[in-house]
Amino acid sequence: MDLVLLLVVVVTSWQSLSALFTVEADYRFYEAEYQGEVELACRFQPVSLHHNHDLKVTWHWLNSTSYLDVYHFDGGVQNLGSRFQGRVRLLTEELAKGWVKLQMSKLRIDDSGLYQCLVEMEAADYKTLTLSVKASYKTPTKTIKRPAEGDEVQLKCQSEGYPFHPVIWRDGDMQLLSSNTTYVTTPDQLFQVTSQIQVRSSVKNNYTCTFFNGPSARFDIPDELPLRNEGIHALISLSILGALLSIILIIACYRRKANDLL
């Protein structure tokens, strides 16, 4: 009977202690830039003073199909998950203040997901945080392709970023234009997005492609049109003819001066 009473007291005490020990998070969602840094944090309030060797901290990364160790701190011994080697560290100086802060750098797109902050002392508790890594689209590169014949001109914009978003095209009157947009995935899991439209070279107008979050490029048609092959050939011919005329004039001037001296 005494043994049963003892077990009841132990279980009741453990439940009371677990209820007192909690892990909290001031922020549950984090957004960071590709190749940048972020600091994930949770906090706890110990029921009594302890040294670090009484404390266990574990950070896990989770998504719908995978579960990985990110960082493990146990009695002062620290271990890193292989995928995060050289990119994460625990701010151990913050543990005495009740903060568990994980600093991550050189962020990758596949670092996005859920991060579980687990703290163990006499009891244990955890909080789950969400990290979303994005890559801002840069100023797009633009290309103008003019066929040898016809009035049609192809305008093309290209940029890389994450996540994928459609490209918006407008003309000088701010009218939306239909476009052909495709993408490929780079080894860094970015989207290389290419978008193009067809316009008439004989119509004076400007056209702007706009990527997600604002970067854009403008085309002024026909001012920016490249010369067709016949135009280039004509320009070369004129240049050669001009050079020949200059040589002839120089020779003529030289002979005149020579005759004057005689």
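Heads up: the structure comes first, above all this text.
Here is what the cut-offs are and how they apply
- Residues take numbers from 1 onward in each chain, read along the sequence in its written order.
- Only residues with pLDDT of at least 70 are given local features in this predicted model, and only at 80 or more are side-chain atom pairs given and counted; all residues enter the totals for whole chains, interfaces and linings.
- To get the side-chain values, take all heavy atoms of the structure and skip hydrogens and water.
- A pair of sulfur atoms, both from cysteines and within 2.5 Å, is called a disulfide here.
- Under the scheme used here, helices are H or I runs from DSSP no shorter than 4 residues and strands are E runs no shorter than 2 residues, and both carry numbers assigned from the N terminus.
- As used here, the term nonpolar core means buried Ala, Val, Leu, Ile, Met, Phe, Trp, Tyr and Cys residues forming a set that is joined through side-chain atoms within 4.5 Å.
- With a 1.4 Å probe rolled over the protein chains alone, any residue whose accessible area is under 20% of its type maximum counts as buried; one over 50% counts as exposed, and the rest are partly exposed.
- Only heavy atoms matter for contacts: two residues are in contact if any of them lie within 4.5 Å across the pair.
- Two strands make a pair as long as DSSP finds a minimum of two bridges between them.
- To get an axis, a line is fitted to the C-alpha atoms, and for a helix only the part in contact is used. The angle between two axes follows their N-to-C directions and goes from 0 to 180 degrees.
- For salt bridges, the criterion is a side-chain nitrogen of Lys or Arg within 4 Å of an Asp or Glu carboxyl oxygen.
- Only centres within 6.5 Å qualify two rings of Phe, Tyr or Trp (six-membered ring in Trp) as a pair; their planes then separate them into stacked at under 30 degrees, edge-to-face at over 60, and tilted for everything else.
- The criterion is that NZ of a Lys, or CZ of an Arg, lies within 6 Å of the ring centre and within 35 degrees of the ring normal, and then a charge sits over that ring.

**Focus: the state of the cysteines**
Okay, so step 1: Enumeration according to the criterion identifies 2 disulfides in this entry.
Okay, so step 2: Note on cysteine connectivity: C42 is disulfide-linked to C117, with sulfurs 1.8 Å apart. Residue C42 is located in strand β3 (residues 38–44), and its partner C117 is located in strand β9 (residues 113–120); the two are separated by 75 residues in the primary sequence.
Okay, so step 3: With a sulfur-sulfur separation of 1.9 Å, C157 is cross-linked through a disulfide to C209.

**Notes on the nonpolar core**
Among soluble globular proteins, nonpolar side chains are generally buried collectively.
Okay, so step 1: If you look at the biggest cluster of nonpolar residues, it comprises 37 residues, and the most contacted ones within it are W59, V70, V100, M104, Y115, V119 and L131.
Okay, so step 2: Those elements giving two or more residues to this core turn out to be β2 (29–33), β3, β4 (56–62), β5 (67–74), β7 (88–90), β8 (99–104), β9 and β10 (124–134).
Okay, so step 3: The element contributing the most residues to this core is β3, with 5 residues.
Okay, so step 4: When neighbours within four sequence positions are excluded, V119 is seen to be in contact with F21, V23, C42, F44, L55, K56, V100, A124 and D125.
Okay, so step 5: Counting residues in each nonpolar core, the second largest holds 18 residues, with C157, V193, I197 and F219 among its members.

**Observations concerning unusual backbone geometry**
Okay, so step 1: In this chain, Y162 is followed by P163 through a cis amide linkage whose omega measures 5°.
Okay, so step 2: Tracing the chain through its elements places P163 in the loop between β12 (152–161) and β13 (168–171).
Okay, so step 3: Going from I221 to P222, the amide bond is cis rather than trans, its omega being 10°.
Okay, so step 4: Inspection of the secondary structure assignment puts P222 in the loop between β18 (216–221) and α2 (229–261).
Okay, so step 5: Phi angles above zero are rare outside glycine, and M174 is one such case at about 65°.
Okay, so step 6: Its place among the elements puts M174 in the loop between β13 and β14 (176–177).

**Brief notes about the sheet that holds β12**
Okay, so step 1: Pairing is antiparallel across the open sheet formed by 4 strands, whose spatial order is β11-β12-β16-β15. Across the chains shown, the open sheet's two edge strands, defined by having one partner strand only, are β11 (141–145) and β15 (180–185). Averaged over all adjacent pairs, the angle separating strand axes in this sheet is 20°, with direction ignored.
Okay, so step 2: Judged from the 6 bridges that link them, β15 and strand β16 (residues 191–200) form a sheet pairing that is antiparallel. Bridge pairing links N180 to Q196 in β16.

**Some details on the side chain of K101**
Okay, so step 1: Residue placement: K101 occurs in strand β8.
Okay, so step 2: A relative accessible area of 17% means that K101 is categorised as buried.
Okay, so step 3: K101 has contacts with E39, L40, A41, R89, L90, L91 and E94, leaving out every residue within four places of it along the chain.

**Re the pattern of salt bridges**
Okay, so step 1: Summed over the entire model, instances satisfying the criterion amount to 11 salt bridges.
Okay, so step 2: Between D111 and R87 there is a salt bridge whose closest N-O contact spans 2.7 Å. Remark: R87 occurs in the loop between β6 (77–80) and β7 and D111 occurs in the loop between β8 and β9; sequence separation between them is 24 residues.
Okay, so step 3: Take D111: its relative accessible area is 0%, and that puts it in the buried class.
Okay, so step 4: On the basis of relative accessible area, R87 is assigned to the buried category, the value being 9%.
Okay, so step 5: The partner of R200 in a salt bridge is D151, with the nearest N and O atoms 3.1 Å apart. Separated by 49 residues along the polypeptide, R200 in strand β16 and D151 in the loop between β11 and β12 bring together distant segments of the chain.
Okay, so step 6: Bridged by salt links that share partners, the residues R83, R87 and D111 form one connected network.

**Focus on the pairing of β11**
Okay, so step 1: Pairing analysis gives 5 bridges linking β11 to β12, with the strands arranged antiparallel. Bridge pairing in β12 links T143 to K156.
Okay, so step 2: What sits between β11 and β12 in their antiparallel hairpin is a turn of 6 residues, with G150 showing a positive phi close to 95°.

**Examining the packing of aromatic side chains**
Okay, so step 1: Applying the stated criterion across every chain yields a total of 8 aromatic pairs.
Okay, so step 2: Their ring planes at 70° and their centres at 6.4 Å tell us that Y27 and Y30 sit as a pair that is edge-to-face.
Okay, so step 3: With a relative accessible area of 57%, Y27 lands in the exposed category.
Okay, so step 4: Seen in terms of ring centroids, W169 and F219 are 5.9 Å apart; in terms of plane orientation they differ by 25°. Their pairing is stacked. Taken together, the residues span a long stretch of sequence, with W169 in strand β13 and F219 in strand β18 at a distance of 50 residues. For the pair W169 and F219, one class covers both residues: buried.
Okay, so step 5: Among the aromatic residues, those joined into a cluster by ring pairs are Y162, F164, Y183 and F191.
Okay, so step 6: Between the NZ or CZ atom of R83 and the centre of the ring of W61, over which it lies, the distance is 4.6 Å.
Okay, so step 7: Of note, K142 hangs over the ring of F219, and the distance from its end group to the ring centre comes to 5.0 Å.

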